[in-house]
Amino acid sequence: MQPLLNVDTALADILADMKTLPAETVSLPEAHNRVIAEDIVSPIDLPPFDNSAMDGYAIHFEDSVDADRANPANLSVAMDILAGSAPEGRLELGQAARIMTGAPIPAGATAVIPVEDTDDDWSKGEDSPLPAEVRLYRSLSCGENIRRAGENIEAGATVMAAGAVIGPAEIGMLAGIGCPRVEVIRQPKVVILSSGDELVDIYDELTPGKIRDTNGYTLAGLVRGAGGIPIRLPIAKDTLESIRALYRRALEINPDLLISSAGVSVGAADLVKTVMNELGDIDFWRINMRPGKPLAYGTIQGVPFFGLPGNPVSTMVTFEVLVKPALAKIAGRPFKQQTVKAITAGPMKSDGRRSYNRVILSQEHGRIMARTTGIQSSGALMSMVKADGLAIIPEGITEAPAGSELNVILLRKPDW
Ligand code: AMP
Ligand code: MG
């Protein structure tokens with residue numbers, strides 16, 4: 001029997017093999033949540049021109065010195081500047097320009113006084129006539145309420161560096177600098193393979209002895225969550241011909257990654273291993289982890305391949321620990337496993353392999369507590385539905401007593 005392989009060694013070997021995909025050009029709306037493949041430098045100042053941060057009056061700030069309600073400064077209104085217009089001429093001392101938020105500051109003006117600090121009344125909305133004069137009820141400093149050209153970003157400055165994910169703020173900035181198309185890392189096409197005579201699909205009748213394929217669906221969700229495009233194929237039967245046909249079909253899709261579940265444990269599942277070895281260069285690993293000991297890893301016609309164990313929790317945990325970081329590297333995504341330290345509320349058992357126990361987290365008296373989700377069978381997918389995280393009991397330990405501090409991989413953001 002092969003010795004059990006350390007989880008970290010397995011992951012390091014896997015990561016060393018993964019290559020990041022090349023870039024493709026997409027339109028800006030399609031770029032959301034994708035990984036940018038180029039440094040983006042702004043060609044322009046944003047905002048492109050000095051503009052008003054308020055609805056009010058643009059003035060020379062010197063004209064407001066010592067103004068207050070008892071002693072207002074009186075200016076003649078010389079211009080009316082709406083957002084989107086381009087004011088001509090210069091504002092002279094003693095003059096004010098009615099101005100809207102986002103409208104360009106006229107030449108000469110050095111501050112904007114909000115309408116609330118004047119005697120003007122805009123309660124009539126758009127129909128408010130332009131007054132001949134305006135009284136200022138306070139003094140302003142130079143530059144007050146003016147948004148300077150380039151204060152958001154200056155021409156030549158970096159908006160985002162290659163390798164970052166394009167979120168809503170980034171896509172807004174790319175729109176702002178006029179970037180209709182961007183280079184992004186191609187999304188990995190991931191084919192998901194299920195096989196087993198006991199498996200039926202969700203629309204099929206559940207006759208005696210059958211269960212529904214759940215791994216096909218959980219894996220598709222996990223792949224999508226990791227930035228890949230999942231492609232789920234029909235379930236193969238436990239015959240060499242059926243499994244061969246499934247793998248051939250998978251390869252015709254030109255995938256970037258193949259993930260199967262089941263057929264890698266010792267026993268009758270040898271058929272899947274046979275086909276894997278026929279078509280590819282596959283290592284069978286026994287990994288020192290629980291759940292998820294048996295795992296096949298290698299390449300089939302140059303495509304990286306993971307043969308995950310079939311038990312639904314084992315499938316998910318091995319994906320989380322070994323496939324997710326690999327997929328992130330293929331997708332060029334920044335990746336760091338999110339963990340917290342938590343205190344066990346009760347004793348937790350292990351068999352000495354590195355164990356990933358499903359736990360519910362809570363915050364009590366400033367400490368994060370971890371409670372088991374209950375039954376930890378690798379077939380009980382509800383343990384993953386309930387779990388906030390996977391508490392790691394290190395290898396070599398068979399029981400973590402209540403009060404132990406464990407690292408917990410976060411499966412979702414806790415709601416505290
Ligand atoms: P195997 O590796 O084929 O012996 O499968 C191990 C366990 O996982 C068995 O209980 C299977 O019924 C179960 N299993 C295998 N594939 C799936 C699947 N796609 N969805 C749900 N359970 C599965
Ligand atoms: Mg099977």
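Residues numbered from 1 in each chain as written. Chains lettered and ligands numbered in written order. Predicted model: local features only at pLDDT ≥ 70, side-chain atom pairs only at ≥ 80, totals over all residues. Heavy atoms only, no water.

Draft legend 1. Molecular detail of the overall build of the protein chain. Broken down by element type, the protein chain carries 7 helices and 27 strands. What you see for the protein chain is a C-alpha radius of gyration of 32 Å, clearly larger than the 22 Å of a compact globule of 416 residues, by over 25%. Its C-alpha atoms give the protein chain principal-axis dimensions of roughly 95 × 55 × 40 Å. For the protein chain, the proportion of its 416 residues judged to be buried stands at 45%. Sequence separation of 24 or more characterises 72% of the internal contacts of the protein chain that already satisfy a separation of 6 or more. Element-wise, carbon and sulfur atoms account for 52% of the exposed surface of the protein chain, whose accessible area totals about 19,800 Å². (Helix = DSSP H or I, 4+ residues; strand = E, 2+ residues; numbered from the N terminus. Rg over C-alpha atoms; globule rule 2.2 N^0.38 Å. Buried < 20%, exposed > 50% of the residue type's maximum accessible area, 1.4 Å probe, protein only. Contact = heavy atoms within 4.5 Å. Areas by Shrake-Rupley, 256 points an atom, 1.4 Å probe, with all protein chains shown as cover.)

Draft legend 2. Representation of the sheet that holds strand β6 (residues 95-99) in the model. A sheet is described by the order of its strands in space; here 5 strands give the open sequence β7-β4-β6-β5-β8, paired in mixed fashion. Both outer strands of the open sheet, β7 (111-114) and β8 (133-136), are each paired with one neighbouring strand and no more. Neighbour-to-neighbour, the strand axes of this sheet turn through a mean angle of 40°, independent of strand direction. (Pairing = 2+ DSSP bridges. Axes fitted to C-alpha atoms, helices over the stretch in contact; angles between N-to-C directions.)

Draft legend 3. Representation of the sheet that holds strand β12 (residues 189-194). Spatially, 6 strands are ordered β15-β12-β16-β20-β19-β17 in an open sheet, and the strand pairing comes out mixed. This sheet does not close on itself; its edge strands, each paired only once, are β15 (229-232) and β17 (280-286). Averaged over all adjacent pairs, the angle separating strand axes in this sheet is 20°, with direction ignored. Contacts from helix α4 (residues 240-252) reach β12, β16 (257-261), β19 (294-300) and β20 (303-308) within the one sheet, and its direction differs from that of β12 by about 170°. Set on the sheet, helix α6 (residues 312-330) makes contact with β12, β16, β19 and β20; between it and β20 the angle comes to about 170°.

Draft legend 4. Region of the structure containing the domain arrangement of the protein chain. When the domains of the protein chain are assigned, the result is domain 1 (7-21 + 187-330), domain 2 (23-47 + 151-185), domain 3 (51-147) and domain 4 (339-410). Between the C-alpha centres of domain 1 and domain 2 there is a distance of 35 Å. Every contact between the two is made by 4 residues of domain 1 and, on the other side, 4 residues of domain 2. Both faces combined, the contact of domain 1 with domain 2 buries some 280 Å², and carbon together with sulfur accounts for 54% of it. On inspection of domain 1 and its partner domain 2, the count reaches 0 salt bridges. One can count 1 residue pair in polar contact (both at pLDDT 80 or more) joining domain 1 with domain 2. Of the residues in the side of domain 1 that touches domain 2, the class split is 2 nonpolar, 2 polar and no charged. (Domains from an automatic or database assignment. Buried area = accessible area lost by both parts, 1.4 Å probe. Salt bridge = Lys/Arg side-chain N within 4 Å of Asp/Glu carboxyl O. Polar contact = N/O pair within 3.5 Å; in protein donor to acceptor, adjacent residues only side chain to side chain. Nonpolar A, V, L, I, M, F, W, Y, C, P; charged D, E, K, R; others polar.)

Draft legend 5. Spatial organisation of the site of ligand 1. Taken together, 15 residues lie around ligand 1, and E198, D213, T214, G263 and G310 are the ones closest in. Separating a nitrogen atom of ligand 1 from a backbone N or O atom of N215 is a distance of 3.2 Å. Protein chains bury 76% of the 490 Å² of accessible surface belonging to ligand 1 in isolation. Per-class residue counts for the shell around ligand 1 are 4 nonpolar, 8 polar and 3 charged. (Near = heavy atom within 4 Å.)

Draft legend 6. Up close: the packing of helix α1 (residues 7-17) against α6. Two elements in contact, α1 and α6, have axes whose closest approach is 10 Å; the angle formed by their N-to-C orientations is 25°. On the basis of their axis angle, the class for α1 and α6 is roughly parallel. The handedness of the crossing between α1 and α6 comes out as right-handed. Contacts between α1 and α6 involve V7, A10, L11, I14 and L15 from the first element and V321, L322, P325, A326 and K329 from the second. When its residues are assigned to classes, the contact of α1 with α6 shows 9 nonpolar, no polar and 1 charged. (Parallel < 35°, antiparallel > 145°, perpendicular 65-115°, else oblique. Left-handed = near helix turned anticlockwise from the far one by under 90°.)

Draft legend 7. Seen up close, the pairing of β16. For β16, the tally of buried residues reaches 5 of 5 residues, placing the bulk of the element in the interior. Where burial is concerned, the two faces of β16 agree: the one with L257, I259 and S261 and the one with L258 and S260 are both buried. The pairing of β12 with β16 spans 5 bridges and is classified as parallel. In the sheet register, S194 faces β16, and the bridge partner there is S261. As paired strands, β16 and β20 are joined by 4 bridges and run parallel to one another. The partner of S260 across the bridge, within β20, is G307.

Draft legend 8. Highlighting the nonpolar core. The biggest cluster of nonpolar side chains holds 38 residues, and the ones touching the most others in it are I259, F306, F319, L322 and Y356. Only α1, β12, α3 (215-225), β16, β19, β20, α6 and β25 (389-393) provide two or more residues apiece to this core. Among the elements that make up this core, the one with the highest residue count is α6 (10 residues). A domain split of this core shows at least three residues from each of domain 1 (7-21 + 187-330) and domain 4 (339-410). Beyond its immediate chain neighbours, meaning those up to four positions away, F306 contacts I14, M18, L257, L258, I259, S260, L295, A296, Y297, L322, V323 and A326. With 20 residues, the next largest nonpolar core counts I243, L246, V272 and I282 among its residues. (Core = buried A, V, L, I, M, F, W, Y, C linked by side-chain atoms within 4.5 Å.)

Draft legend 9. Fine view of the pattern of salt bridges. The full count for this structure, using the stated rule, is 17 salt bridges. Its salt-bridge partner being D117, residue R138 comes within 2.7 Å of it at the nearest N-O pair. Remark: D117 occurs in the loop between β7 and β8 and R138 occurs in the loop between β8 and β9 (146-147); sequence separation between them is 21 residues. Looking at R138, the relative accessible area reads 25%, which means it is partly exposed.

Draft legend 10. Summary view of α6. Within α6, the axis deviates most sharply at E320, by approximately 45°. Burial within α6 is extensive, with 17 of its 19 residues counted as buried. (Bend = angle between axes of the 7 residues up to and from the residue.)

Draft legend 11. Structural view of the environment of G227. Note that G227 resides in the loop between α3 and β15. Among the residues examined, G227 registers a relative accessible area of 8% and is labelled buried. Dropping the residues within four chain positions of it, G227 is found in contact with Q187, P188 and R333.

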